[in-house]
2 protein chains.
Amino acid sequence: MVNGEEQQQSICNALAEFKVGVDNAIFSVDVAENRVLVLLLKRQGEPDLGQWSLPGTLVRRGESLEDAAYRVLSEKISVQNLYLEQLYTFGGPARDPRESPQSFGVRYLSVSYFALVQHEEVQLLAESAETMAWFPCDRVPKLAFDHNEMVKYGYQRLRNKLEYSPVAFEVLPETFTLNEVYQLYTAVLGENFADYSNFRSRILKLGVLCDTGMKLSRGAGRPASLYRFDSEAFAPLKDKPMIFI
Amino acid sequence: MVNGEEQQQSICNALAEFKVGVDNAIFSVDVAENRVLVLLLKRQGEPDLGQWSLPGTLVRRGESLEDAAYRVLSEKISVQNLYLEQLYTFGGPARDPRESPQSFGVRYLSVSYFALVQHEEVQLLAESAETMAWFPCDRVPKLAFDHNEMVKYGYQRLRNKLEYSPVAFEVLPETFTLNEVYQLYTAVLGENFADYSNFRSRILKLGVLCDTGMKLSRGAGRPASLYRFDSEAFAPLKDKPMIFI
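Residues numbered from 1 in each chain as written. Chains lettered and ligands numbered in written order. Predicted model: local features only at pLDDT ≥ 70, side-chain atom pairs only at ≥ 80, totals over all residues. Heavy atoms only, no water.

Residue and element names in this part refer to chain A. In terms of burial, strand β1 (residues 18–30) is a largely internal element, 13 of the 13 residues being buried. Of the two faces of β1, the one carrying Phe 18, Val 20, Val 22, Asn 24, Ile 26, Ser 28 and Asp 30 and the one carrying Lys 19, Gly 21, Asp 23, Ala 25, Phe 27 and Val 29 are both buried. Two elements, β1 and strand β7 (residues 107–117), share 11 bridges in a ladder whose sense is parallel. Of the residues in β7, the one forming a bridge with Gly 21 is Ser 110. (Buried < 20%, exposed > 50% of the residue type's maximum accessible area, 1.4 Å probe, protein only. Helix = DSSP H or I, 4+ residues; strand = E, 2+ residues; numbered from the N terminus. Pairing = 2+ DSSP bridges.)

Right, let's talk about the interface of chain A and chain B for a bit. Contacts between the two partners involve 36 residues from chain A, matched on the other side by 36 residues from chain B. Of the roughly 3500 Å² buried where chain A meets chain B, counting both sides, 58% is carbon and sulfur surface. Run the count over chain A and chain B and you get 2 salt bridges. Ionic pairing is found between B:Glu17 and A:Lys19, a salt bridge with its closest N-O pair at 3.1 Å. Connecting chain A to chain B are 16 residue pairs in polar contact (both at pLDDT 80 or more). Counting residues per element, the ones that place at least two in the side of chain A that touches chain B are β1, β6 (82–90), β7 and α3 (147–164) of chain A. A per-element tally of the side of chain A that touches chain B places β6(A) first, with 4 residues. Among the residues forming the side of chain A that touches chain B, the class breakdown is 20 nonpolar, 7 polar and 9 charged. (Contact = heavy atoms within 4.5 Å. Buried area = accessible area lost by both parts, 1.4 Å probe. Salt bridge = Lys/Arg side-chain N within 4 Å of Asp/Glu carboxyl O. Polar contact = N/O pair within 3.5 Å; in protein donor to acceptor, adjacent residues only side chain to side chain. Nonpolar A, V, L, I, M, F, W, Y, C, P; charged D, E, K, R; others polar.)

Glancing now at the packing of helix α5 (residues 178–189) of chain B against helix α6 (residues 196–205) of chain B. All names here are of chain B. Running from N to C, α5 and α6 point in directions that differ by 110°, and their axes come no closer than 10 Å. Classified by the angle their axes make, α5 and α6 are roughly perpendicular. Mapping the contact onto sequence places Leu 178, Asn 179, Val 181, Tyr 182 and Tyr 185 in α5 and Tyr 196, Phe 199, Arg 200, Ile 203 and Leu 204 in α6. The residue makeup of the contact of α5 with α6, split by class, is 8 nonpolar, 1 polar and 1 charged. (Axes fitted to C-alpha atoms, helices over the stretch in contact; angles between N-to-C directions. Parallel < 35°, antiparallel > 145°, perpendicular 65-115°, else oblique.)

So, on to the nonpolar core. By size, the foremost hydrophobic cluster in this structure holds 49 residues, and its most contacted members are A:Phe27, A:Tyr185 and A:Leu209. A per-element tally of this core places helix α5 (residues 178–189) of chain A first, with 8 residues. (Core = buried A, V, L, I, M, F, W, Y, C linked by side-chain atoms within 4.5 Å.)

Residue and element names in this part refer to chain A. Counted according to the given criterion, the structure contains 33 aromatic pairs over all chains. Their ring planes at 50° and their centres at 5.5 Å tell us that Tyr 182 and Phe 199 sit as a pair that is tilted. Residue Tyr 182 is located in helix α5, and its partner Phe 199 is located in helix α6 (residues 196–205); the two are separated by 17 residues in the primary sequence. Residue classification places Tyr 182 among the buried positions, given a relative accessible area of 12%. Judged by its relative accessible area of 0%, Phe 199 falls in the buried class. (Phe/Tyr/Trp six-rings, centres within 6.5 Å; stacked < 30°, edge-to-face > 60°.)

The transformation that overlays chain A on chain B combines an axial shift of 0.0 Å with a rotation of 180°, and the residual RMSD is 0.0 Å. As the rotation angle and translation indicate, the two copies are arranged about a two-fold axis. Within chain A, A:Phe18 has its C-alpha nearest the rotation axis, a separation of 2.5 Å. Both copies contact each other with a shared surface, as 100% of the interface residues of chain A are interface residues in chain B too. (Least-squares fit on C-alpha atoms with pLDDT ≥ 70 in both.)

Our focus in this paragraph is the environment of A:Val167. Residues and elements named next belong to chain A. Here Val 167 lies in the loop between α3 and α4 (168–171). Residue classification places Val 167 among the buried residues on the basis of a relative accessible area of 2%. On a C-alpha basis, the gap between Val 167 and Tyr 83 in space is 8.0 Å, while along the polypeptide they are 84 residues apart.

The next subject is the side chain of A:Asp230. All names here are of chain A. Counting through the fold element by element, Asp 230 comes out in the loop between β11 (224–229) and α7 (231–234). Separated by 3.1 Å, the side chain of Asp 230 and the backbone nitrogen of Ala 233 make a polar contact. In this structure Asp 230 touches Val 208 and Cys 210, once residues within four positions along its chain are discounted.

If you want it as structure tokens, here you go:
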């Protein structure tokens with residue numbers, strides 16, 4: 001016979017049952033307006049009906065986490081160049097109103113993904129501006145679930161990737177001016193991260209940008225050199241620690 | 001009435017049911033032997049009975065992911081200083097023999113954690129060397145499930161953390177010689193990452209090590225200065241991109 005304590009113990013040790021979701025923190029940088037944006041969606045169903053949230057879905061039978069992340073992306077936006085990676089997994093008890101700490105019912109775990117897209121290139125699909133929109137990262141409203149935390153993690157990941165990886169060149173056009181690179185960095189890292197001439201000489205010193213020989217004339221200023229990212233020069237450096245600012 | 005195609009569609013869209021596990025990739029560096037080690041456990045139950053694996057567990061009702069990770073750690077090792085962070089989430093279909101791609105039964109998702117401990121300090125609890133042991137990272141056998149991939153991810157994380165963060169000083173003794181730091185880095189990054197005198201001048205230039213004024217005499221060589229990590233000097237640099245090699 002099972003006594004009270006053992007019964008208690010076996011209840012405590014019982015395994016949790018989960019549904020698994022993916023939520024995408026999709027960022028873009030509006031260089032012209034000097035703003036980092038994140039894509040938000042108004043929830044169409046319970047729980048948290050009508051609250052802004054990250055685009056997400058629950059994982060289906062036979063579907064991988066990454067496939068689920070791509071499924072949401074392809075339903076919401078159309079884009080040619082995309083950087084996507086897993087961000088962080090949120091799985092604590094009671095993170096979703098559908099589970100209560102006491103109910104011991106099904107739990108909802110979310111694997112969040114970080115995505116970076118080129119702002120000029122991306123098209124929002126179907127929904128209206130009232131149900132899906134880009135929000136400046138510093139003006140994100142109170143989101144559903146723990147999605148504010150996901151945005152915070154994602155923004156930090158974006159900063160880290162700009163500092164330590166050439167991710168910027170995945171969302172810049174094929175050719176760009178150094179000033180465009182600087183504006184992208186400034187939008188994310190803030191005005192004070194470096195002055196332009198320091199940034200210019202440091203980024204050129206890395207040896208991964210290639211002067212195309214072409215110039216861009218805009219307004220009355222001196223024509224600016226157009227560069228492209230040199231993947232061949234970068235290849236041998238890929239596994240070396242580098243700072244991109 | 002639901003027709004065949006709709007029925008098919010609704011089966012395809014059905015949500016997967018999950019059990020969630022955590023698996024810990026616990027690393028330590030044996031500086032004397034110049035080796036990076038990972039802790040492995042022989043599986044005591046099905047599936048994959050008798051195969052080496054990472055120490056892991058399934059998440060219980062009411063338990064957070066991190067609490068589950070700490071529960072496994074405290075069952076397996078005794079240690080004072082520990083660095084732990086989430087590594088990566090593996091959740092594809094058919095990653096566990098208990099689920100078959102066709103069965104559409106319960107799936108097993110694993111949130112892996114990366115841990116770093118000080119080799120001299122850690123004690124293995126209870127089990128014998130035949131069921132739990134440190135393995136050099138370059139001699140890890142075929143592991144259960146996708147745990148070889150977790151070790152690979154973990155080892156890469158260890159390299160990145162050494163390159164871009166002061167994690168080394170969390171697993172070195174309170175005071176250390178620069179040669180001990182160099183040996184730790186060499187064990188992880190390989191002999192060729194830098195020669196000692198370059199490494200020495202670069203790491204001192206960061207300004208986060210503090211000479212204690214004490215010397216360590218060992219053998220016939222010149223006494224070596226003992227340093228400690230200067231958390232106060234590091235605090236304002238915490239959010240700046242830095243390279244530690």
